[in-house]
Protein chains: 2
Amino acid sequence: MDGKLEVNGDVNDEKQNHRPATIAAPTNPMVTPLLNDLYQFTMAYAYWKAGKHNERAVFDLYFRKNPFGGEYTVFAGLEECIRFIANFSISKEEIAFLREILPPTCEDGFFDYLQGIDCSDVEVYAIPEGSVVFPKIPLMRVEGPVAVVQLLETPYVNLINYASLVTTNAARHRFVAGKSKLLLEFGLRRAQGPDGGISASRYCYMGGFDATSNCAAGKIFGIPLRGTHSHAFVSSFMGPDEILEKSLKSHDGSRICEDFLSAVQTWLSKLKRLSILKGVFGDTNQSELAAFVSYALAFPDNFLALVDTYDVMKSGVPNFCAVALALNDLGYKARGIRLDSGDLAYLSCETRKFFQTIENEFGIPGFGKTGITASNDLNEETLDALNKQGHEVDAFGIGTYLVTCYAQAALGCVFKLVEINNQPRIKLSEDVSKVSIPCKKRSFRLYGKEGYPLLDIMSGENELPPKASERILCRHPFNESKRAFVVPQRVEELMKCYWTGNADKKREELPTLEENKERCAEHLDQMRPDHMRRLNPTPYKVSVTAKLYDFIHFLWLNEAPVGELQ
Amino acid sequence: MDGKLEVNGDVNDEKQNHRPATIAAPTNPMVTPLLNDLYQFTMAYAYWKAGKHNERAVFDLYFRKNPFGGEYTVFAGLEECIRFIANFSISKEEIAFLREILPPTCEDGFFDYLQGIDCSDVEVYAIPEGSVVFPKIPLMRVEGPVAVVQLLETPYVNLINYASLVTTNAARHRFVAGKSKLLLEFGLRRAQGPDGGISASRYCYMGGFDATSNCAAGKIFGIPLRGTHSHAFVSSFMGPDEILEKSLKSHDGSRICEDFLSAVQTWLSKLKRLSILKGVFGDTNQSELAAFVSYALAFPDNFLALVDTYDVMKSGVPNFCAVALALNDLGYKARGIRLDSGDLAYLSCETRKFFQTIENEFGIPGFGKTGITASNDLNEETLDALNKQGHEVDAFGIGTYLVTCYAQAALGCVFKLVEINNQPRIKLSEDVSKVSIPCKKRSFRLYGKEGYPLLDIMSGENELPPKASERILCRHPFNESKRAFVVPQRVEELMKCYWTGNADKKREELPTLEENKERCAEHLDQMRPDHMRRLNPTPYKVSVTAKLYDFIHFLWLNEAPVGELQ
């Protein structure tokens, strides 16, 4: 790709150009054309009534500000948008409902028109899902009959907003946790509704998580699943008397331990007698011990215990170790513990010491490295604090703060008309950051000598694209004085065509979730570190060509009414 | 109800006791038993393997802290929970998936067991949906075979958490806006996924909103719909030349205005010539005028215009008024304007003055009261600020901050085991606020002489319930020194039975959304004002009986391991 411009449709790949019928319906069956703001339908009527409904319009979908105080965003949700458009059709029942809610003066012909709408006249250009993206640069450009494209606005913004927000949040958590840690998404119960939960699992995986607890997401998207037991499991046991079936076959199947409970109790006594552990614990909670033994009997190969139901160091960890040691005698390797409360830095370090003591005292290689998972209201800040304090956690289970994007619960994606009938349109505002960038545009990422992206630039559709090794003037879209000459080492066009309607064009295949996850990781790796840091990151530059700059300002002056001050 | 205790099942009403088959499936088809954390299934296996799966367990669903810095919460989501349990069944396909993801050592008998699970042995008691509720008091009490009830945990917490959070948020917005204002939920595009949007619309309506923009929610739940047009509609017009069909029949059908556009332009000239408006505006934006005229031609009875695409006072408002005046000549009454940017307090007041000037100058009764709707990132704080500044807004369209619960994106509902095989269970924690309150409990709201709720109290199941006019000692569950004698004027039991399984008991009907909305409004009205105020509200007291208090602390000491300090 170096030194070569990548242009949409120029890539001569072997992939088959699938036609609409082959694209599955949206994952959530509630995503239908009626998942829409009423005004999209009232506008559709007004366009139709004015005979404007088939005017060719171009809309840009973009956001204005990176979330979470950062300087980057990960784009996600595209696949669902393409699934939506590929299956767009307003059902008879939906038409009947629209008839009810629109004024009775609306003419019949309009409902016939609605019934016939599909998206065969629409084209969707988009940045690939999983890409790192920046404010103002169109994530998607949607072209087609104005009334039809308006009907896509609300579903598209809904499908992109949260997906991109939570993917970005996941990426940020991965960034702080570091690459070596296992990150588990545990957010289903705190997510904003069932779909919030399912989307969260999918997009957190895309943004860098390793697994989820959400079985539905595992089934639908093939995401690895993780999970063991809760406090309720532990407290459901009254004591060891409840364990009736106590035998356990060894891992290699060669022998049977007839009383696994006794084996565990023997180990617990041995631990108690260790002088090096004197004072660490006394009598452990016996209902907890029973719960651990039962869980180990059910999952001898996957024994991971939640150790904080009663007391981590005085009960949970010693009980766990007794079970793990009895399992070890039978050739099983315990997975580890989970901490869900308290001072995670301190408790993880104490637990590690306990594990290492056992490794040393009993000569059990690797026991010191037994896994420690931490959960309990973790977020970017707590991960960062744990890193600074020092900790021994191997895996983090993260829920509430991750999936609800607690630190910033919404990304403000908008969908703005930028051209109609080949005429560029602008939306003004007293707040300059809300002025839209008019024209059907292309956008490019310019890379520098060191391989980092330098900046993104938008140009009018018909301008010559920037070229590698050629100097180009890049201007801030609204600030006259901010501009720079750039000689890019490499130029990459950002948007590709994902939906062609009936047009005879090449369409990009929808990548798999795994491919999007890889793209995300690659893009994040590729960024210059100062854009990525948590504290005072450097803004990534977003610019327009000189020609587009002039045009924006010409149009602005043209549309703004002139006041008459007195 | 005064002076009389309301006990579950005692109410001898005429309602038919519907059986499971009559309860519809969850609104979102993605809500299935697999919408669950993996550990619910691994625990189910461990329970089954230990022969414990049918032990009778009692779980409480509750939250620990009111959201948004307030001192109350509105309970919502119950109907979906009952729909879920009434239709609970794990499909063959889901079983096959569980077989894949669980370790191969899991025995076949377990999967047969899963296949056969329904909720006929489960009972659900709950506080009615739409009630004002408080921390620690069980919102739901779920009893049944431990393995089955565990499988309800994640879906239930998911269905209650966001529903209650967003209903509470809506109630808080209603509180600040006051009863006379129209509140419109416009959040679909910023909601956390499609279901987040649909749930938000439903529960915001329950919490006190009047209408939504979300057509799907309108269709599914019968919520009134509102919406007109966006900036894109305005900027899609280039100028008045585009308007080809210009005739408009008068409201009473008696005459036709052949050139409505000219009528509007004539009015605009008249407005411009008014000396009292001199300097307010000059030439207005003509593409905006064309858009307004087109919209009025499509919806002469429902003309509401978004006036800030170019400039509110210099263009949007004068253009709107010209159209509204031309409509008025034909017997139509314009609905009003929408402001979506800028200083809403100032602009609404200026617009009101403009409207009143027209009423006075042209003698058009009621024109001064033409509606003003405001949108643009509104929340509790901005509503409060608008109130303090003074404004002329009649209706608020609220989106992002409302539906994503931006100020606090999650409510921490939990689901804790409180009893198994008639043995009370407790979950300890180093953080006292996280210690669970054991025992199968009942809870009561005690009312004072002035009709306000005084406090809520929990008792053990078999204690005699509190009685009106009888003194009762109410104790803080964890703080020894906090206690008070109360003589309630009236006592109300909080939980009713909403799911009986096969048990021959009376079950509460699920109320309609309208009924829940009414209950919510009544409950909010009934609260003592100091619990409701935004700044430093007084906490509402939540207590336990003396007997339950003693029992909690007995159990606590019993379960906590004794340390051995050196």
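Residues numbered from 1 in each chain as written. Chains lettered and ligands numbered in written order. Predicted model: local features only at pLDDT ≥ 70, side-chain atom pairs only at ≥ 80, totals over all residues. Heavy atoms only, no water.

1. What about the side chain of Thr168 of chain A?
All names here are of chain A.
Alright, step 1. As for its placement among the helices and strands, Thr168 is situated in helix H5 (residues 146-177).
Alright, step 2. Of the residues examined, Thr168 reaches a relative accessible area of 0% and is grouped as buried.
Alright, step 3. Of note is the side chain of Thr168, whose polar atom sits 2.8 Å from the backbone nitrogen of Val74.
Alright, step 4. At a separation of 2.6 Å, a polar atom in the side chain of Thr168 contacts the main-chain carbonyl oxygen of Ser164. (Helix = DSSP H or I, 4+ residues; strand = E, 2+ residues; numbered from the N terminus. Buried < 20%, exposed > 50% of the residue type's maximum accessible area, 1.4 Å probe, protein only. Polar contact = N/O pair within 3.5 Å; in protein donor to acceptor, adjacent residues only side chain to side chain.)

2. Brief notes about the interface of chain B and chain A
Alright, step 1. On the chain A side, the residues contacting the 118 residues of chain B number 118 residues.
Alright, step 2. Taking both sides of the interface into account, the surface hidden between chain B and chain A amounts to around 10100 Å²; carbon and sulfur atoms contribute 60%.
Alright, step 3. Considering only the side of chain B, the residues that lose the most area to chain A are Met30, Arg189 and Gln192 of chain B, jointly responsible for 9% of the buried surface there.
Alright, step 4. Counting every contact that joins chain B to chain A gives eight salt bridges.
Alright, step 5. Where chain B packs against chain A, one counts 48 residue pairs in polar contact (both at pLDDT 80 or more).
Alright, step 6. In terms of residue count, helix H1 (residues 38-49) of chain B provides more of the side of chain B that touches chain A than any other element does, 10 residues in total.
Alright, step 7. Across the side of chain B that touches chain A, the residue classes tally to 52 nonpolar, 40 polar and 26 charged. (Contact = heavy atoms within 4.5 Å. Buried area = accessible area lost by both parts, 1.4 Å probe. Salt bridge = Lys/Arg side-chain N within 4 Å of Asp/Glu carboxyl O. Nonpolar A, V, L, I, M, F, W, Y, C, P; charged D, E, K, R; others polar.)

3. Re the nonpolar core
Alright, step 1. Within the largest apolar cluster, 364 residues are counted, with the highest numbers of intra-cluster contacts made by Met140, Phe260 and Phe320 of chain A together with Met140, Phe260 and Phe320 of chain B.
Alright, step 2. Those residues within four positions of Phe260 of chain A in sequence are excluded, and the remaining contacts are Lys246, Leu248, Val293, Ala296, Leu297, Val323, Ala326, Leu327 and Leu330 of chain A. (Core = buried A, V, L, I, M, F, W, Y, C linked by side-chain atoms within 4.5 Å.)

4. A few points about unusual backbone geometry
Residue and element names in this part refer to chain A.
Alright, step 1. A positive phi angle, close to 50°, is found at Asp377, a residue other than glycine.
Alright, step 2. Here Asp377 lies in the loop between strand E12 (371-374) and helix H13 (380-389).
Alright, step 3. Notably, Asn536 is not glycine yet its phi reads approximately 45°, a positive angle.
Alright, step 4. Considering the arrangement of structural elements, one finds Asn536 in the loop between helix H16 (529-532) and strand E22 (541-545).

5. A short note on the UniProt feature "domain: Nicotinate phosphoribosyltransferase N-terminal" (unreviewed entry) in chain A
Alright, step 1. If you check UniProt for "domain: Nicotinate phosphoribosyltransferase N-terminal" (unreviewed entry), the listed places come out as residues 34-161 of chain A in our numbering.
Alright, step 2. A helix fraction of 44% and a strand fraction of 16% characterise residues 34-161 of chain A, whose end C-alpha atoms lie 18 Å from each other. (UniProt positions renumbered as here; feature names shortened; annotations may be inferred.)

6. Focus: the side chain of Ser459 of chain B
Residue and element names in this part refer to chain B.
Alright, step 1. Structurally, Ser459 is set in strand E17 (residues 453-460).
Alright, step 2. Classification of Ser459 by relative accessible area gives buried; the value is 1%.
Alright, step 3. Other than its neighbours up to four places away in sequence, Ser459 contacts Lys440, Lys441, Arg442, Phe444, Thr545 and Leu548.

7. As for the packing of helix H1 (residues 38-49) of chain A against H5 of chain A
Residue and element names in this part refer to chain A.
Alright, step 1. Running from N to C, H1 and H5 cross one another at 175°; their axes reach a closest spacing of 9 Å. Of the possible angle classes, the one that applies to H1 and H5 is roughly antiparallel. Every residue of H5 that contacts H1 at Tyr39, Gln40, Phe41, Met43, Ala44 and Tyr47 is listed here: Val146, Ala147, Gln150, Leu151, Glu153 and Thr154.
Alright, step 2. For the contact of H1 with H5, a count of residues per class yields eight nonpolar, three polar and one charged. (Axes fitted to C-alpha atoms, helices over the stretch in contact; angles between N-to-C directions. Parallel < 35°, antiparallel > 145°, perpendicular 65-115°, else oblique.)

8. Some words on the sheet that holds strand E11 (residues 336-339) of chain B
As a general point, the strands of a sheet are linked pairwise by backbone hydrogen bonds and lie either parallel or antiparallel.
Residue and element names in this part refer to chain B.
Alright, step 1. Strand order in the open sheet formed by six strands is E7-E6-E13-E12-E11-E10, and the pairing between neighbours is parallel. Here the strands that pair on one side only, and so sit at the sheet edges, are strand E7 (211-212) and strand E10 (304-306).
Alright, step 2. Bridge count for strand E6 (residues 182-185) against strand E13 (residues 395-398) is four bridges, and the pairing is parallel. Within E13, the residue paired with Glu185 across the bridge is Ile398. (Pairing = 2+ DSSP bridges.)

9. Here's the deal with the relation of the copies chain B and chain A
Alright, step 1. For the pair chain B and chain A, the relating rotation is 180°, the translation along its axis is 0.0 Å, and the fit reaches an RMSD of 0.0 Å. Expressed as a symmetry operation, the mapping of one chain copy onto the other fits a two-fold axis. Ranked by how close their C-alpha atoms come to the rotation axis, the residues of chain B are headed by Asp195 of chain B, at 2.6 Å.
Alright, step 2. Both copies share a contact surface, since 100% of the interface residues of chain B are interface residues in chain A too. (Least-squares fit on C-alpha atoms with pLDDT ≥ 70 in both.)

10. Observations concerning the sheet that holds strand E14 (residues 414-420) of chain B
Residues and elements named next belong to chain B.
Alright, step 1. Across the sheet, which stays open at both edges, the six strands sit in the order E15-E14-E1-E5-E3-E21 with antiparallel pairing between neighbours. Two strands in the sheet have a free side with no partner beyond their single neighbour: strand E15 (423-424) and strand E21 (496-499).
Alright, step 2. Judged from the six bridges that link them, strand E1 (residues 56-62) and E14 form a sheet pairing that is antiparallel. Of the residues in E14, the one forming a bridge with Asp60 is Lys416.
Alright, step 3. Helix H5 (residues 146-177) contacts E1, strand E3 (123-126), strand E5 (140-145) and E14 of the sheet and is inclined by roughly 155° relative to E5.

11. Here we look at the packing of helix H10 (residues 286-298) of chain A against helix H11 (residues 312-329) of chain A
Residues and elements named next belong to chain A.
Alright, step 1. One can describe the packing of H10 onto H11 by two numbers: an axis separation of 10 Å at closest approach and a directional angle of 35°. In the crossing of H10 with H11, the sense of the turn from one axis to the other is right-handed. Within the contact between the two elements, H10 uses Glu288, Leu289, Phe292, Val293 and Ala296 and H11 uses Ser315, Gly316, Asn319, Phe320, Val323 and Leu327.
Alright, step 2. Residue composition of the contact of H10 with H11, grouped by class: seven nonpolar, three polar and one charged. (Left-handed = near helix turned anticlockwise from the far one by under 90°.)

12. A short note on the UniProt feature "domain: Nicotinate/nicotinamide phosphoribosyltransferase" (unreviewed entry) in chain A
Alright, step 1. Taking the UniProt record as the reference, the feature "domain: Nicotinate/nicotinamide phosphoribosyltransferase" (unreviewed entry) is found at residues 335-436 of chain A.
Alright, step 2. With 32% helix and 21% strand, the stretch residues 335-436 of chain A has end C-alpha atoms that lie 54 Å from each other.

13. Looking at helix H17 (residues 546-559) of chain A
Residue and element names in this part refer to chain A.
Alright, step 1. For H17, built from 14 residues, the straight-helix expectation of 20 Å at 1.5 Å per residue is met to within 8% by its first-to-last C-alpha distance of 20 Å.
Alright, step 2. For H17, the complete set of buried residues consists of Leu548, Tyr549, Ile552, His553, Leu555 and Glu559. Buried residues of H17, viewed axially, fall in a sector of 160°; they line one side. Along H17, exposed side chains directed more than 90 degrees from the buried face belong to Lys547, Leu557 and Asn558. (Expected span 1.5 Å × (residues − 1). Arc of directions from axis to C-beta.)

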